[in-house]
Amino acid sequence: MKPRELVASAMVPGEAAALQCWRHDGAYSLWIGRTELMSSRVHESEELLADVVVQALGPRPASRVLVGGLGMGFTLARTLVGVGADARVDVVELVPEVVAWNREHFGHCAGKPLDDPRVHVIIGDVGATLVESPDAYDVVLLDVDNGPEALVHPGNARLYAPAGLLVARAALRAGGVLGVWSSAEAPTFAGRLQGCGFTVTTHRTRARGRKGPRRTVWTAIRR
Ligand SMILES: C[S@@+](CC[C@H](N)C(=O)[O-])C[C@H]1O[C@@H](n2cnc3c(N)ncnc32)[C@H](O)[C@@H]1O
C-alpha cells in the first residue's frame, strides 16, 4: 500500500486549526483537522461553479472576475476557459501558503492557472476585498468553505449571511453574477439570496459523475 504523506501545513489566520496538505498515490488533499476540504481527484462541482456562472453572465468584453478562494485552482482554471482573453481575474486566498503550495506542489493538477497573465493574486479575506470593491466585478465566485450551512471556518458565516450577500451584491456591476458552492443542500439559502436582490437558480449535482456526495451550486444574478 502506498504511504500517505504530509506535504505541508499552515496556520489559518484568526483560527486555532491548521490547514494540512497531504499526498497519496499522486493525488493531493487539503484538510482542517479531520475534515477534508477537497481532493485533487474530485473537482467536477468546483468546475461546474465556474461553468454555470460564466454561462449566466453571457459574453461581456473586458469582464472582471473575483474568485474566492484559490484551493487547488480548479474553479479558477475553468473560469479562465470561459472568460475572454481581455478578462481580469482576481483570486483571493486567505492562507498565503495555499498560493505557495499551488506553485510548489499541486498546481499541475488544475493546469497551473496561476501562470495565466489574466490572474492577479490577492492574499487576504474575500469579505474584505468585497467591501473595498463596490460596483467592480461582473462575476464573484465563492468557494471558501464547505458552504452556507457546513462551515469549517466559523468566521466565514458572515459571507453567507444577508449582510455579507448584500456586500457581494454591491461589488457586482449591473447584471453581474454571484456563484456559490456548497457541500450541503442548504435549503433556505436560495430564498436568502432572493431576499438580497438576486434572481436565483439552484444546481444540484454530485461530487463525481453520478456518484459521490451531493453538491449544490447557486447562480445569483444581480437584479
Ligand atoms: C474548498 S477550497 C476552494 C476550492 C477551489 N474552488 C478549487 O477549485 O480548488 C477553499 C479555499 O478558500 C480559502 N479560504 C477560506 N476562507 C477564506 C476567506 N474568507 N477568504 C479567502 N479565502 C478563503 C481556503 O484557504 C481554501 O484555499
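Nothing here was measured: the structure is a model prediction, and the numbers come from that model. Within each chain, residues carry numbers counting from 1 in the order of the written sequence. Per-residue local features are limited, in this predicted model, to residues with pLDDT of at least 70; the limit for side-chain atom pairs, both in listing and counting, is 80 or more; totals at the level of whole chains, interfaces and linings are taken over all residues. Note: side-chain values were computed over all heavy atoms of the structure, leaving out hydrogens and water.

Caption draft 1: Up close: the site of the ligand. Inspection of the region around the ligand gives 21 residues, with M72, T75, E93, D125 and D143 positioned closest. Within the backbone of M72, a nitrogen or oxygen atom sits 2.8 Å from an oxygen atom of the ligand. Think of a polar contact as two N or O atoms within 3.5 Å of one another; within protein, one of them needs to be a possible hydrogen donor and the other a possible acceptor, and neighboring residues in sequence only count if both atoms come from side chains. The backbone of V126 places a nitrogen or oxygen atom 2.9 Å from a nitrogen atom of the ligand. Here, Shrake-Rupley sampling with a 1.4 Å probe gives the accessible areas, and only protein chains in the shown set may cover a residue. The fraction of the free accessible surface of the ligand (600 Å²) that becomes covered by protein chains is 99%. Throughout, the term near means that a residue has one or more heavy atoms lying within 4 Å of the molecule or strand in question.

Caption draft 2: Fine view of the sheet that holds strand β10 (residues 198–208). Reading across the sheet, the seven strands line up as β7-β6-β5-β8-β9-β11-β10 and stay open at both edges, with mixed pairing between neighbours. Of all the strands in the sheet, the pair left with one neighbour each is β7 (119–123) and β10. Within the sheet, the average angular offset between the axes of one strand and its neighbour, ignoring direction, is 15°. The sheet contact formed by β10 and strand β11 (residues 211–222) spans 10 bridges and is antiparallel. Along β11, the bridge assignment pairs R206 with R214. Between any two strands, pairing holds if DSSP finds at least two bridges. Note on conventions: DSSP H or I runs of at least 4 residues are helices, E runs of at least 2 residues are strands, and numbering of each starts at the N terminus. Fitted lines through C-alpha atoms give the axes, limited to the stretch in contact for helices. The angle between two N-to-C directions lies from 0 to 180 degrees.

Caption draft 3: Local environment of the pairing of strand β2 (residues 18–24). Sheet topology note: the strand β1 (residues 4–11)/β2 ladder contains seven bridges and is antiparallel. Residue S9 lies in a different strand from β2, and its bridge partner there is Q20. Between β1 and β2, which follow one another and run antiparallel, lie six residues, and G14 among them has a positive phi close to 80°. By the bridge criterion, six bridges tie β2 to strand β3 (residues 27–32) in an arrangement that is antiparallel. Among the inter-strand pairings, R23 is bridged to a residue of β3, identified as Y28. The loop that links β2 with its antiparallel partner β3 comprises two residues; one of these, D25, has a positive phi angle of about 55°.

Limitation: the analysis is restricted to geometry and does not speak to function.
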